[in-house]
Amino acid sequence: MLNFFIGAIVGFFLDKFFDFIWKKLNNYWFVVRKEKNAKKYSEVVASEDFIEFQTKVLMAYYGKENCLYLFERYYPAFILYGDTTLSDPFNELNEPDNLCLTDKNYPFRESHYYKKYKGVISATIKRPLMQGYMLESFSYNSEGKIKGLSAWVGTYEENVYTSHILEYEIYRMYIKHRKNLSKADIESVAQKEMPIRNKIHENRPIANVLCSGCARASLLGVQMLILFKNKNGAYKVLVIKRSQDVAAKPGFIQFVPSGGFEVFENSDTHNKRELLENFSVKNALFREYVEELFGIEEFEFGQGGETINKVSNYSQVKEIQNMIDNGTAKFVFLGSAVDLTGLRHELSFALVINDDRYCENIFKSNSESKKIERYSFEDIEGIEEKHKINPTSAALWKLFTESELYNEITLPQKNN
């Protein structure tokens, strides 16, 4: 009888032990598979072959006329021109009355590929509940140029699983069809195998989708082309190559600063005052400015009751504001760049700095890139991997080169 009880106890503990080991192994292999899938995804979407495939798919879906032509190639991007005559582009663009504080709560967990995409991308998402401003619509002047916008408050994960996920649809098409898809096939397959994109466009003209944030949680982005003089009077711009472990556009070349139009306070705040106070394109740009150009990670999100005022009081931000006040720098609103892959808008600005002391700044990249480089206009035209230029950065350059500002800067240099 004693042996029976000893055997039963040993058996019980052995079962518990092997059950524990089995769970640990399962968790380990789950993590390994997840990391492997995430690595494969980031490598594929950054490859020249995938970029070419994706561009063909989106050109077939939207037509060449809605794709950006620059540097003798097409980019999956669409541009809307801004009203460059706005005397105060920041305050005029996003007035508090045009912000809806109610989250639309898109049922993204019910969408195609949600679980599979989450397994691939979730490790790169640091703050899924971060509040941000989703585009509702734009208002236009008499010439059809953007003069204002309306938005609503949503979360970063809503944006990821209704906008970023659109690239995952194309990724699945690529894995399935990359070796046997002709140009004619691409057009037919593009209409059949992108259920999330098709749902967004359902019963809506293409222009309605591209010029608004309808049927998705489309987090607004902000980007800025910083043009500053070096000691010999030539203008430079700041460029990075994105890291491989970011949620969007890993390995791509882009202008900085650039980022989401998000709330600085605690990520899940529902405080009406804080949401309205953070509804400032200018502050969003300056946050990205100090974070991406000077490596100040504390500006990624607010901690311990900090407010957006902390950004405006930072020394590098005060430097820019002082130059604007004394006339040696100015902001210009160029328009909006739409990435056709994720159907997200990036409000696009230029900051021109004519004080040559600015070039003495020592720039330091954050976790999104390894280094910040200073490019001349000729360097940009000469980028060899033009397929690796972020489409919205290409759109920003297009907006700039077609603006009056471009003529103001380049004509004096040509005459010299």
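Treat the numbers as computed from the prediction; the structure is a model and nothing was measured. (Residues numbered from 1 in each chain as written. Predicted model: local features only at pLDDT ≥ 70, side-chain atom pairs only at ≥ 80, totals over all residues. Heavy atoms only, no water.)

**Re the overall build of the chain**
When you go through the chain residue by residue, the secondary structure sums to 15 helices and 13 strands. Taken over 416 residues, the chain has a buried fraction of 53%. Partitioning the contacts of the chain with sequence separation of at least 6, the portion at a separation of at least 24 is 76%. Entry remark: accessible area of the chain is about 20100 Å², with carbon and sulfur atoms responsible for 51%. (Helix = DSSP H or I, 4+ residues; strand = E, 2+ residues; numbered from the N terminus. Buried < 20%, exposed > 50% of the residue type's maximum accessible area, 1.4 Å probe, protein only. Contact = heavy atoms within 4.5 Å. Areas by Shrake-Rupley, 256 points an atom, 1.4 Å probe, with all protein chains shown as cover.)

**Focus: the packing of helix 2 (residues 48-62) against helix 5 (residues 156-177)**
At a minimum axis separation of 10 Å, helix 2 and helix 5 run at an interaxial angle of 110°. Classified by the angle between their axes, helix 2 and helix 5 sit roughly perpendicular to one another. Residues Asp49, Phe50, Phe53, Gln54, Val57 and Leu58 of helix 2 touch helix 5, and the partners they reach there are Glu167, Ile170, Tyr171, Met173 and Tyr174. Class assignment of the residues belonging to the contact of helix 2 with helix 5 gives a composition of eight nonpolar, one polar and two charged. (Axes fitted to C-alpha atoms, helices over the stretch in contact; angles between N-to-C directions. Parallel < 35°, antiparallel > 145°, perpendicular 65-115°, else oblique. Nonpolar A, V, L, I, M, F, W, Y, C, P; charged D, E, K, R; others polar.)

**Comments concerning the pattern of salt bridges**
Two side chains of opposite charge can pair, provided their charged atoms sit close to one another. What the rule picks out here adds up to 12 salt bridges. Notably, a salt bridge pairs Glu157 with Arg109, separated by 3.4 Å at the nearest N-O pair. One end of the pair, Glu157, is in helix 5; the other, Arg109, is in the loop between strand 4 (99-100) and helix 4 (114-121), with 48 residues separating them in the sequence. Judged by its relative accessible area of 51%, Arg109 is exposed. Ionic pairing is found between Glu193 and Lys176, a salt bridge with its closest N-O pair at 3.6 Å. Linking Glu193 in the loop between helix 6 (183-192) and helix 7 (195-201) with Lys176 in helix 5, this pair joins segments that are 17 residues apart in sequence. By sharing partners, the salt bridges in this structure join Lys231, Asp356 and Glu360 into a single network. (Salt bridge = Lys/Arg side-chain N within 4 Å of Asp/Glu carboxyl O.)

**Looking at the nonpolar core**
With 93 residues, the main nonpolar core has Ile226, Tyr289 and Tyr358 as its most contacted residues. The biggest single contributor to this core is helix 5, with 10 residues. Dropping the residues within four chain positions of it, Tyr358 is found in contact with Ile226, Phe228, Tyr289, Leu293, Glu319, Ile320, Met323, Ile353 and Phe363. Within the second largest apolar cluster, 31 residues are counted, among which are Tyr75, Ile253, Phe377 and Ile383. (Core = buried A, V, L, I, M, F, W, Y, C linked by side-chain atoms within 4.5 Å.)

**Remarks on the packing of aromatic side chains**
Aromatic ring pairs are described here by two measures, namely the spacing of the ring centres and the angle between the planes. Applying the stated rule across the entire model yields 35 aromatic pairs. For the pair Phe286 and Phe331, a centre-to-centre distance of 5.9 Å together with 70° between the ring planes defines the contact as edge-to-face. Pair noted here: Phe286 is in helix 10 (residues 281-294) and Phe331 is in strand 11 (residues 329-339), with a separation of 45 residues, a long-range link. For Phe286, a relative accessible area of 3% corresponds to the buried category. Given the relative accessible area of 16%, Phe331 is considered buried. Judged by centre distance (5.8 Å) and plane angle (75°), the rings of Phe377 and Phe400 are edge-to-face. Residue Phe377 is found in helix 13 (residues 377-381), and its partner Phe400 is found in helix 14 (residues 391-401); the two are separated by 23 residues along the sequence. For the residue pair Phe377 and Phe400, the accessibility class agrees, reading buried in each case. (Phe/Tyr/Trp six-rings, centres within 6.5 Å; stacked < 30°, edge-to-face > 60°.)

**Thoughts on the sheet that holds strand 6 (residues 146-155)**
On the basis of which strands lie adjacent, the open sheet formed by three strands has the order 4-6-5 and mixed pairing. Only two strands of the sheet have a single partner each, and these edge strands are strand 4 and strand 5 (131-140). Across nine bridges, the pairing between strand 5 and strand 6 is antiparallel. Within the sheet, the bridge partner assigned to Ser139 lies in strand 6 and is Gly148. Helix 5 rests against strand 5 and strand 6 of the sheet, and its axis sits at about 105° to strand 6. (Pairing = 2+ DSSP bridges.)

**A few points about helix 2**
If you check helix 2, its first and last C-alpha atoms are 21 Å apart, about what 15 residues at 1.5 Å a residue would give, namely 21 Å. Among all positions of helix 2, only Phe50, Ile51, Phe53, Gln54, Thr55, Val57, Leu58, Met59, Tyr61 and Tyr62 are buried. Phi turns positive, to about 90°, at Gly63, one or two residues after helix 2. (Expected span 1.5 Å × (residues − 1).)

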